[in-house]
Amino acid sequence: MSWVTVIWSMTASACLTLALIHGLVWHKQREAWASLLFAVLAVATAAIAGCELAMMRAETTAGFGLALRWIHVPAWVVTVSLVGFVRLYLHAGRPWLAWTVCGMRTLALILNFLFSPNLNYREISGLRHITFLGEPVVAAEGISNHWMLAGQASFLLLLIFVVDATRTAWRLGDRRRVLAVGGSAIFFVTVAAAETTLALWQLVPWPVIASLPFLGIVAAMEYELSRDMRRAAQLARGLQASEARISLAANAAGLRHWEWDMVRDELWATDRTKARTGAARPEPRRFDHFLQSLHPDDREPVSHAVAKSMNGDGEFESEYRILLPAGATRWVVARGQVEFNGAGKPVRMRGVSLDITRRKEAEEVLRETEARFRTMADTAPVLIWMAGTDKLCTFFNKGWLDFTGRTLEQELGNGWAKGVHGKDFDHCLEVYFTSFDARREFIMEYRLRRQDGEFRWVLDTGVPRFAPDGAFLGYIGTCIDITERKQTELEMAQQRNELAHLSRVTMLGELSGSLAHELNQPLTAILSNAQAAQRFLAHDNADLDNVREILKDIVAEDKRAGEIIRRLRLLLKKGEVQQLPLDVNEVVQEVLKLLHSDLVNHRVETHAELAPDLPPVKADRVQIQQVLVNLVMNACDAMAGVPTGSCRLIVRTGLADGEGVRISIADQGVGIATENLEKVFEPFFTTKADGMGLGLSVCRSIITAHGGRLWAASNPDRGITFHVKLPIATEANP
Amino acid sequence: MSTIRPTVFIVDDEPAVLKSLARLLHSAGLAVETFPSSQDFLNHHIPNTPGCLVLDVSMPGLNGLELQKTLAAKGSAVPIIFLTGHGDIPMSVQAMKRGAADFLTKPVDDDDLLKAVRAAIEKDRAGRRARADVADIEQRLATLTPREREVLEHVVSGLMNKQIAARLGTVEKTIKVHRSRVMEKMKAQSLVELVHLTEKAGIGGKQSVISHQQSAARI
């Protein structure tokens, strides 16, 4: 068994095996150019090994020369593929140097076939038997060819190229890789170059052994490539895992990936898209086909969006409807990114799409709801406003804007407040802010400027809005123009007061005799006093003290007369109705004083039972007096037929269930049938021959306007009692 | 009787009016007594005191008109001057019918009031005097015998002595004696005076004639 044969054969076969493997790799992955170069390198190394073995076993000089001549072919291949591999694998090496190396080696190859027997020898004179690895092998003897330097120069240049490339790659990064490929290349090329040079220049008695160093290079490369492949496999696994994760997430999110190879016009999409679109498509589609599957209205916009993304920054986004076979449509939003090649030409677009049909439907429902709200709000015959949680207004309906004649932009926020009347402004904002902070409903009245500049009274009702979960959303409110109502109310109040006044005047007319008598008393006293004084003074010895006393009385009586006139004038006055805090007992006493004569004339005994410490009521003094005078006079009239001595009028005051003050006027007259007790308050109902029948109806309207109540009830024994209830004047109701 | 000074009584529920009226009457030199109510007056008034009453019509309790009625029922003849703030006619007519001395409205002028008061006092005095005269005549009449009374009645009815004698069935001379005795007892100086006295005492000539005719018819 020959060691040389074994080693060289094994070298060749190992190289071929590796070449086969990487050849297959390249076949599967056409872009794996490094594997191809490696395969070529390995094959060439195997060829070198074969040639070397042939040289060592040559029996003739011609055989040796031939083998040596042909060894230059694989040597050329090795050089070129090594240069290519270094360039490709280390991404380094000066191109001109690479070309120079290849050129020099090619020159050496051409010269090899020009000279005979080969580049290395001018003439092989004989074969010399030497012992190698304990075996007899042959080496050539003859005249060396000086052109052999071209081959050796190519090796030198190769070395320089590799060193340069290694240095550059070392500086750039991945040093372990550089060390493995560059370092081994430098080392084994140096060894190979040195050994072949020495052997061929016949300086040492060795056979040519380049294949073994090249095997080292092959081994180092193989180590690196297999390492790369291992890493690639790991990356692929990781990529697969992360792809699976992304895909899971995408599926969960309803996202579909798609990819469009623009060069080949192939559009791929993940399975879900296929499932979603309802068509099983194992094959990629063309973009035109995709467009055809869209809703006709969306084709143009999608094409436009694609064209825009290709001409612009590459970003693509579009919403469109996909037509389903069943005639249904699905809304889809797609986002993608165009990839450009080195020349800036779009080559590929990748992206995701999402089914947004439900969102679109929800949007549609929302839009429809919104539109319905707008329509309702804008056609409602009221002014509608809405405010957010920050108290700023966010919406005004058409009614409002038409009313104020301002734009929505002008009214938004606090802009609306500009239209509020200056006198109502503070009150309006105070009610709004305090209610808002308390999340309370509010109702308020204020004047708002209409577009024609006129201030109109509006009734504004605001309610807080809450989300289903109870979160506060703001307020919504409506305003209605109540100017006319206010006007009517005002007119009604005026009419009521007018009627009250008229009734008062009538009443005082009826009372005039009694009032004249009341006034006559002080006048009588004054006249008599004055004339008495005159007479006293006419005496010679006038008693001046007496006269002084008389004058004092005259002054007092005059004042009393003045007081009666003042009271009368007050009753006759047609002044503004003023509801002020009023002491009920005081009013009752005044009325009894005013009617004193009348009561005496009617032979009526009056009893006043007035509760002390009554709270004041909120009322107009004159109108309450009028009501009491009316009721007392009625009581007198009711007792006209009653025998003298039984005519008792009882006036009581007191608290009414804690919510008001009650005044009761009880007579002992003939009374009224229970079924007529309510009728007495009807206008023109009267039991008197000369009565108008307005007194009690006016009284009731007065008391009602005061927020009180006037009613009649039969007494247990005889006669009736009229009750007046008036609200207490409180802090909030002054 | 005439030595007692006449007094003006004032009844009014209004103290100021009461006081001023009292002052006025006082300034005119009249004696005044005041009462704040009818009841007070009834309780304290002494009926025989001469004078008059100034009375307010409308008063609580017993009013003016009621007091007038009450006094009349008691036989009081005190003249009443009503004062009223109303001055309504029906009321004044009623008061006057019942014998009111006057009816004045408030405020009252001093002259009117004093004139009324003086007139009332005079009326009271006259009344008192008249009542006193009748009593005197009746006393004189009481001294006459029934026959003399008969003769008197015939004399004042205007019959001659002869006619009276015929009627009474006696002689003229007897009648002459009766007649002179009657003139003496009645303290009459003449037939005219006698007739006047009998008229005052309520024995009217006409009435006598009628009764005489009736008695003649009986014959």
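Residues numbered from 1 in each chain as written. Chains lettered and ligands numbered in written order. Predicted model: local features only at pLDDT ≥ 70, side-chain atom pairs only at ≥ 80, totals over all residues. Heavy atoms only, no water.

**Here we look at the overall build of chain A**
Threshold: Numbering of helices and strands runs from the N terminus, with a helix taken as a DSSP run of H or I at least four residues long and a strand as a DSSP run of E at least two residues long. Buried residues are those whose accessible area, probed at 1.4 Å on protein chains only, stays under 20% of the maximum for their type, while exposed residues exceed 50% and partly exposed ones sit between those limits. The protein chains shown are the only cover counted for residues, whose accessible areas, like all others here, come from Shrake-Rupley with a 1.4 Å probe.
Secondary structure summary: chain A contains 20 helices and 19 strands in total. Expressed as a percentage of its 734 residues, the buried residues of chain A come to 45%. When the accessible area of chain A is evaluated, it comes to approximately 38200 Å², of which 59% is carbon and sulfur surface.

**Description of the packing of helix H6 (residues 175-200) of chain A against helix H7 (residues 211-253) of chain A**
Geometry of a packed helix pair, given as the angle between the helix axes and the separation of the axes. Residue and element names in this part refer to chain A. Put simply, the rule reads: Note on geometry: axes are lines fitted to C-alpha atoms, helical ones only across the stretch in contact, with angles between N-to-C directions running from 0 to 180 degrees. For classification purposes, angles smaller than 35 degrees are called roughly parallel, those larger than 145 roughly antiparallel, those between 65 and 115 roughly perpendicular, and all remaining angles oblique. By definition, residues are in contact when any of their heavy atoms lie within 4.5 Å. Classification convention: Asp, Glu, Lys, Arg as charged; Ala, Val, Leu, Ile, Met, Phe, Trp, Tyr, Cys, Pro as nonpolar; all other residues, Gly among them, as polar.
The N-to-C vectors of H6 and H7 enclose an angle of 170°; their axes lie 8 Å apart at closest approach. Regarding the angle of H6 to H7, the classification is roughly antiparallel. Judged by residue contacts, Arg176, Arg177, Ala180, Val181, Ser184, Ala185, Phe188, Val189, Val191 and Ala192 of H6 engage Pro213, Gly216, Ile217, Ala220, Tyr223, Glu224, Arg227 and Asp228 from H7. Looking at side-chain class alone, the contact of H6 with H7 contains eleven nonpolar, two polar and five charged residues.

**Re the nonpolar core**
Residue and element names in this part refer to chain A. Filter applied, for reference: Among the buried residues, those of types Ala, Val, Leu, Ile, Met, Phe, Trp, Tyr and Cys that are joined through side-chain atoms within 4.5 Å form a nonpolar core.
Among the nonpolar cores identified, the biggest contains 68 residues, and Trp8, Phe64, Phe85, Leu90, Leu158 and Phe161 are the most heavily contacted of them. With 13 residues, the top contributor of residues to this core is helix H2 (residues 33-56). Once residues within four sequence positions are removed from consideration, Phe85 is found in contact with Ala34, Leu37, Phe38, Leu90, Val181, Met221 and Leu225. Membership of the second largest hydrophobic core comes to 56 residues, among which are Leu614, Ala635, Ala712 and Val724.

**Re the interface of chain A and chain B**
Frequently, the measure chosen for interface size is the accessible area that the parts lose on association. Note the following rule: The term buried area refers to how much accessible surface (probe radius 1.4 Å) is lost by two components on association, counted for both of them together. One speaks of a salt bridge when a side-chain nitrogen belonging to Lys or Arg is within 4 Å of a carboxyl oxygen belonging to Asp or Glu. The term polar contact refers here to a pair of N or O atoms within 3.5 Å; inside protein, the definition further demands a hydrogen-donor-capable atom paired with an acceptor-capable atom, and it admits residues adjacent in sequence only when both atoms are side-chain atoms.
With 26 residues of chain A in contact, the opposing surface of chain B contributes 28 residues. For the chain A and chain B pair, buried surface summed over both sides reaches about 2200 Å², with 48% attributable to carbon and sulfur atoms. Our enumeration of links across chain A and chain B arrives at six salt bridges. In this structure, Arg603 of chain A and Glu66 of chain B form a salt bridge, with 2.9 Å as the shortest nitrogen-oxygen distance. Taken together, the links from chain A to chain B amount to 13 residue pairs in polar contact (both at pLDDT 80 or more). Top contributing element to the side of chain A that touches chain B by residue count: helix H15 (residues 483-538) of chain A, with 15 residues. The class makeup of the residues in the side of chain A that touches chain B is seven nonpolar, 13 polar and six charged.

**Concerning the side chain of Arg128 of chain B**
Residues and elements named next belong to chain B. Along the polypeptide, Arg128 turns up in helix H5 (residues 110-143). In this structure Arg128 comes out as buried when scored by relative accessible area, which is 18%. Side-chain polar atoms of Arg128 contact the backbone oxygen of Thr49, separated by 3.2 Å.

**So, the environment of Asp637 of chain A**
The residue Asp637 of chain A is located in helix H19 (residues 621-638) in this model. C-alpha separation for the pair Asp637 of chain A and Asp667 of chain A, spaced 30 residues apart in sequence, amounts to 9.7 Å.

**Details of the sheet that holds strand S10 (residues 442-449) of chain A**
All names here are of chain A. Defined as follows: A pair of strands is considered paired only if DSSP assigns at least 2 bridges between the two.
The five strands lie next to each other as S9-S8-S12-S11-S10, forming an open sheet whose pairing is antiparallel. Every other strand in the sheet has two partners, leaving strand S9 (393-396) and S10 as the edge strands with one partner each. Averaged over all pairs of adjacent strands, the angle between their axes in this sheet comes to 25°, without regard to strand direction. The sheet contact formed by strand S8 (residues 383-387) and strand S12 (residues 472-481) spans five bridges and is antiparallel. Directly across from Ala387, in S12, lies its bridge partner Tyr475. Here helix H14 (residues 422-438) sits on the sheet and contacts S8, S9, S10, strand S11 (455-466) and S12; the angle it forms with S10, its principal contact strand, is near 145°.

**Regarding the packing of H15 of chain A against helix H16 (residues 544-572) of chain A**
Residue and element names in this part refer to chain A. For the pair H15 and H16, the least separation of the axes is 9 Å and the interaxial angle reads 170°. Overall, the two elements H15 and H16 adopt an arrangement that is roughly antiparallel. Across the contact of H15 with H16, the residue classes break down as 22 nonpolar, four polar and six charged.

**A look at the pattern of salt bridges**
Scanning the entire structure with this criterion turns up 53 salt bridges over all chains. A salt bridge links Arg367 of chain A to Glu364 of chain A; its shortest N-O distance comes to 2.7 Å. Within this pair, Arg367 of chain A and its partner Glu364 of chain A are both found in helix H11 (residues 357-379), separated by three residues, close to a single helical turn. With relative accessibility at 48%, the residue Arg367 of chain A sits in the partly exposed group. A relative accessible area of 42% places Glu364 of chain A in the partly exposed class. Asp111 of chain B serves as the salt-bridge partner of Arg535 of chain A, at 3.2 Å between the closest nitrogen and oxygen. Here Arg535 of chain A is found in helix H15, whereas its partner Asp111 of chain B is found in helix H5 on a different chain. For Arg535 of chain A, a relative accessible area of 22% puts it in the partly exposed group. A residue is classified by how much of its surface remains accessible, and Asp111 of chain B, at 46% relative accessible area, is partly exposed. One network of salt bridges, in which partners are shared, links Arg450, Asp452, Glu454, Arg456, Asp481 and Glu484 of chain A.

**As for the packing of aromatic side chains**
By convention here, two paired aromatic rings are described through the distance between centres and the angle between planes. Residue and element names in this part refer to chain A. Rules: The criterion for an aromatic pair is that two Phe, Tyr or Trp rings (for Trp, the six-membered ring) have centres within 6.5 Å, with stacked assigned to planes under 30 degrees apart, edge-to-face to planes over 60 apart and tilted to the rest.
Considering all chains together, one arrives at 28 aromatic pairs over all chains under this definition. Ring plane angle 10° and centroid distance 5.0 Å describe the contact between Phe85 and Tyr89, whose orientation is recorded as stacked. Of this pair, Phe85 and Tyr89 both sit in helix H3 (residues 61-90), four residues apart, roughly one helical turn. Between the aromatic rings of Trp260 and Phe287, the centroid separation amounts to 4.4 Å while the plane-to-plane angle is 15°, which identifies the pairing as stacked. Here Trp260, found in strand S3 (residues 255-261), pairs with Phe287, found in helix H9 (residues 287-292); they are 27 residues apart in sequence, far enough to count as distant. Of the residues examined, Trp260 reaches a relative accessible area of 9% and is grouped as buried. Connected via pairs of aromatic rings, a cluster forms that spans Trp385, Trp416, Tyr432, Phe433, Phe436, Phe442, Phe466, Phe472 and Tyr475.

**What to know about the state of the cysteines**
Keep this limit in mind: Only a pair of cysteine sulfur atoms within 2.5 Å counts as a disulfide in this structure description.
Applying the stated criterion to the full structure yields zero disulfides over all chains. We note that Cys393 of chain A lacks a disulfide partner, and the nearest cysteine sulfur, in Cys479 of chain A, lies 9.6 Å from it.

**A short note on the confidence of the model for chain B**
Residue and element names in this part refer to chain B. Stated precisely, the cut-off is as follows: pLDDT: the predictor's confidence for each residue, scored from 0 to 100.
Chain-level statistics for chain B give a pLDDT mean of 82 and a share of 89% at 70 or above. A low-confidence stretch, residues 205-219 stays under pLDDT 50, and its non-local contacts, those more than four residues away or across chains, total ten contacts. Interface confidence for the predicted complex, given as ipTM, is 0.73, next to a pTM of 0.49.

**Considering the sheet that holds strand S16 (residues 648-656) of chain A**
Paired through backbone hydrogen bonds, the strands of a sheet run either parallel or antiparallel to each other. All names here are of chain A. Within the open sheet, the five strands sit side by side as S14-S16-S17-S19-S18. Their pairing is mixed. Strands with a single pairing partner mark the edges of an open sheet, and in this sheet they are strand S14 (605-610) and strand S18 (709-714). Put simply, the sheet's adjacent strands are angled 15° from each other on average, direction ignored. When strand S17 (residues 660-666) meets strand S19 (residues 720-727), the two strands line up antiparallel, connected through seven bridges. Paired with Ser664 across the bridge in S19 is His723. Where helix H20 (residues 695-705) meets the sheet, it contacts S18 and S19, and its direction lies at approximately 130° from that of S18.

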